[in-house]
Amino acid sequence: MTEPWYVLSGILLAGAITWALRALPFAMLAPIRHSRLLAYLGERMPLGIMLILAVYTVRNVNVTEVSAFVPVLLALTITVVLHLWRSNMTLSVLAGTGIYVLMMSLIAMNL
Amino acid sequence: MTNTRSEILAGWKVVLPVSIGVIPLGLALGVLVAQSGLAWYWALLISLIVFAGSMEFLLVGLFAAAAPLTQIALSAFLVNFRHVFYALTFPLHRVDGIGWKAYSTFTLTDEAYGLTTSKDAQTWSRAKILAIQGGLQIVWILAVVTGALLGGLIPPEIIGIDFAVTALFVVLAIEAYKAMKSLPVVALALLCALVGALISKEHMLLISMGMFAVALTSSYLFANHRRGEDD
C-alpha cells in the first residue's frame, strides 16, 4: 500500500511548485516579457511535454502482444479522430476511454 | 453589499458553461484515485492543494508507480511551466489585499486564465474574479470527490479506466499543436520519449523531459549564435 507520508509529500511538493509558477511571475513581469528564450520555450513546451506525457502513460504496453497493443491503438485513433472532428475535449476523452474500457474488460473476461 | 452579491453571481454565471467540461474530467480523476487504491480524502487533498488538472492526473499515476519525489517535482515544474506567462495578462491588479492575491494566484488555472483573457476582464471587480476562481475550484473538488466515492462502486472486472489520462494528454497535445504548429517539436518530443523509455521505463519522465528541455534551449542558443551579434 502507498505510504501516507510519501503521498502527502508528493501533493505538497507538486502544489508548492505549481503555486510558485503561478505567483512568482507577477513579481518579475518585465524580464518575462522581454526574455526571448522564455518566449521560445513557452511556445514549444506545452506541445512537447504533452506528447512525452502521452507516451509515458503507455510505456508499459507490450507492443509484441496484440491483445494489449491493438486496444491502445484503436482507442487512440478514436480519441484523435473525434477530437480533430468535434474539438470537444470531454467527448474525445470519454469516448476514447469508454471504448478502451469496453475492449480491455471484454478481453479480460474471455481469457 | 448587494453590489458584491451581484458581482459574485456574475462570476458564477461565467463559470457555469465551463463546468460542463470540467465536471466529467473531475469525476474521471476521482475514479482514478479510487482505482489506484487511495482513500477518498486523498482525492480531496489532491484537488484542493495541487489544483492543476493535468498535473493531478499525472500525480495519481506517479503515486501508483511509486515515483521518486524528484520526478514528481520536475514533472510539476515542466507540466505547469506554461503558467509563467499567465501573469502577463491576468488582471491581478484588480484583486486587492495580499490574502486575496495569494488565493487568486493559487487558483490561476488554465480555465481561470481562459475566462479572464477578454479585454473587459481588465476592469472586472475583485468579487467577480474571485467568484470565478472560487467557483471553478468548488466545482472541481466536488466532482473529484464524487468520482472517488463512486469509483469504489465500480466492479473489479471493469478495467482500463486509466486510459483517460492517455486520452487527456493526447487531446491536450492536439490543442497545443493548434497553437504551435511545429512538426520538428513533435518529432523531437517523440524522439526524447522513445529514448527515455528505452533507457529506463521507471525514470523515463525525468530523462525524456530533461532531454527535451535541454534540446530546446540548445536549439535556441544555436540559432541565436548563428544569427550573430547584430540580432
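Residues numbered from 1 in each chain as written. Chains lettered and ligands numbered in written order. Predicted model: local features only at pLDDT ≥ 70, side-chain atom pairs only at ≥ 80, totals over all residues. Heavy atoms only, no water.

1. What to know about helix α4 (residues 66-86) of chain A
Its 21 residues give α4(A) an end-to-end C-alpha distance of 30 Å, which sits within 8% of 30 Å, the value for a rise of 1.5 Å per residue. If you check which residues of α4(A) are buried, you get A:Ala68, A:Pro71, A:Val72, A:Ala75, A:Thr79, A:Leu82 and A:His83. Seen end-on, α4(A) carries its buried residues on one side only, within an arc spanning 110 degrees. For α4(A), exposure combined with an orientation more than 90 degrees from the buried face picks out A:Val66, A:Val81, A:Leu84 and A:Trp85. The inward-facing, buried residues of α4(A) contact α5 (89-110) of chain A together with α8 (163-179) of chain B. Positioned one or two residues after α4(A), A:Ser87 has a phi angle of 55 degrees, which is positive. (Helix = DSSP H or I, 4+ residues; strand = E, 2+ residues; numbered from the N terminus. Expected span 1.5 Å × (residues − 1). Buried < 20%, exposed > 50% of the residue type's maximum accessible area, 1.4 Å probe, protein only. Arc of directions from axis to C-beta. Contact = heavy atoms within 4.5 Å.)

2. Remarks on empty space enclosed by the protein
The tally for this structure, following the rule as stated, stands at 1 cavity of 30 Å³ or more. The computed volume of the largest cavity comes to approximately 30 Å³. For the largest cavity, the full set of lining residues is A:Met45, A:Pro46, A:Ile49, B:Leu78, B:Val79, B:Phe81 and B:Arg82. At 3 residues, helix α3 (residues 36-57) of chain A tops the list of elements feeding residues into the lining of the largest cavity. (1 Å grid on protein atoms, 1.4 Å probe; cavity = no way out; pocket = protein on both sides within 12 Å on 5 of 7 lines; lining within 4 Å. Points joined across faces, edges and corners; volume = space filled by probe spheres on them.)

3. Some thoughts on the layout of surface pockets
The space that makes up the largest pocket amounts to roughly 1100 Å³. Surrounding the largest pocket, 41 residues form its lining, B:Arg82, B:Tyr86, B:Asp110, B:Glu111 and B:Leu172 being those nearest its centre. Mapped by element, the contributors of at least two residues to the lining of the largest pocket are α2 (29-34), α3 and α5 of chain A together with α1 (2-35), α3 (53-64), α6 (110-115), α7 (126-151) and α8 of chain B. It is α3(A) that provides the largest number of residues to the lining of the largest pocket, a total of 6 residues. The residue inventory of the lining of the largest pocket, partitioned by class, reads 23 nonpolar, 10 polar and 8 charged. Of the residues that make up the lining of the largest pocket, three or more belong to each of domain 1 (1-49) and domain 2 (58-111) of chain A. One number sums up the size of the second largest pocket: a volume of about 760 Å³. A:Ala54, A:Val55, A:Val58, A:Leu76 and B:Leu190 are, among the 27 residues lining the second largest pocket, the residues nearest its centre. Elements supplying a minimum of two residues to the lining of the second largest pocket: α3 and α4 of chain A together with α8 and α9 (183-199) of chain B. When its residues are assigned to classes, the lining of the second largest pocket shows 23 nonpolar, 2 polar and 2 charged. (Nonpolar A, V, L, I, M, F, W, Y, C, P; charged D, E, K, R; others polar. Domains from an automatic or database assignment.)

4. With respect to the packing of helix α1 (residues 4-23) of chain A against α3(B)
The N-to-C vectors of α1(A) and α3(B) enclose an angle of 155 degrees; their axes lie 11 Å apart at closest approach. In terms of axis orientation, α1(A) runs roughly antiparallel to α3(B). For the element pair α1(A) and α3(B), the recorded crossing hand is right-handed. For the pair α1(A) and α3(B), the contacting residues are A:Tyr6, A:Val7, A:Gly10, A:Ile11 and A:Ala14 in the first and B:Met55, B:Leu59, B:Leu62 and B:Phe63 in the second. When the residues that make up the contact of α1(A) with α3(B) are grouped by side-chain class, the tally is 8 nonpolar, 1 polar and no charged. (Axes fitted to C-alpha atoms, helices over the stretch in contact; angles between N-to-C directions. Parallel < 35°, antiparallel > 145°, perpendicular 65-115°, else oblique. Left-handed = near helix turned anticlockwise from the far one by under 90°.)

5. Brief notes about the pattern of salt bridges
Residues and elements named next belong to chain A. Summed over all chains, the structure comprises 3 salt bridges over all chains. Measuring nitrogen to oxygen at the nearest pair gives 3.1 Å for the salt bridge that ties Arg44 to Glu43. On the basis of relative accessible area, Glu43 is assigned to the partly exposed category, the value being 46%. (Salt bridge = Lys/Arg side-chain N within 4 Å of Asp/Glu carboxyl O.)

6. Concerning the side chain of A:Arg59
Within the secondary structure, A:Arg59 sits in the loop between α3 and α4. Buried and unpaired, A:Arg59 has no salt bridge, with B:Asp162 as the nearest side chain of opposite charge at 8.5 Å. Of note is the side chain of A:Arg59, whose polar atom sits 3.0 Å from the backbone oxygen of A:Tyr56. Here A:Arg59 is in contact with B:Ala65, B:Lys201 and B:Met204, once residues within four sequence places are set aside. (Lys, Arg positive; Asp, Glu negative; His and termini not counted. Polar contact = N/O pair within 3.5 Å; in protein donor to acceptor, adjacent residues only side chain to side chain.)

7. A look at the packing of aromatic side chains
Applying the stated criterion across every chain, the model contains 10 aromatic pairs over all chains. Judged by centre distance (5.8 Å) and plane angle (55 degrees), the rings of B:Phe77 and B:Phe81 are tilted. Of the residues examined, B:Phe77 reaches a relative accessible area of 37% and is grouped as partly exposed. Exposure remark for B:Phe81: the relative accessible area of 9% places this residue in the buried category. Judged by centre distance (3.8 Å) and plane angle (5 degrees), the ring pair of B:Tyr86 and B:Tyr113 falls under stacked. Of this pair, B:Tyr86 sits in the loop between α4 (69-79) and α5 (98-106) while B:Tyr113 sits in helix α6, placing them 27 residues apart in sequence. Residue B:Tyr86 is classed as buried on the basis of its relative accessible area of 10%. Taking relative accessible area as the criterion, B:Tyr113 reaches 22% and is therefore assigned partly exposed. The structure contains a cluster of three or more aromatic residues connected by ring pairs, namely B:Trp40, B:Tyr41 and B:Trp42. For A:Arg44, the ring lying beneath its charged end belongs to A:Tyr40, and the centroid distance is 3.8 Å. (Phe/Tyr/Trp six-rings, centres within 6.5 Å; stacked < 30°, edge-to-face > 60°. Lys NZ or Arg CZ within 6 Å of the ring centre and 35° of its normal.)

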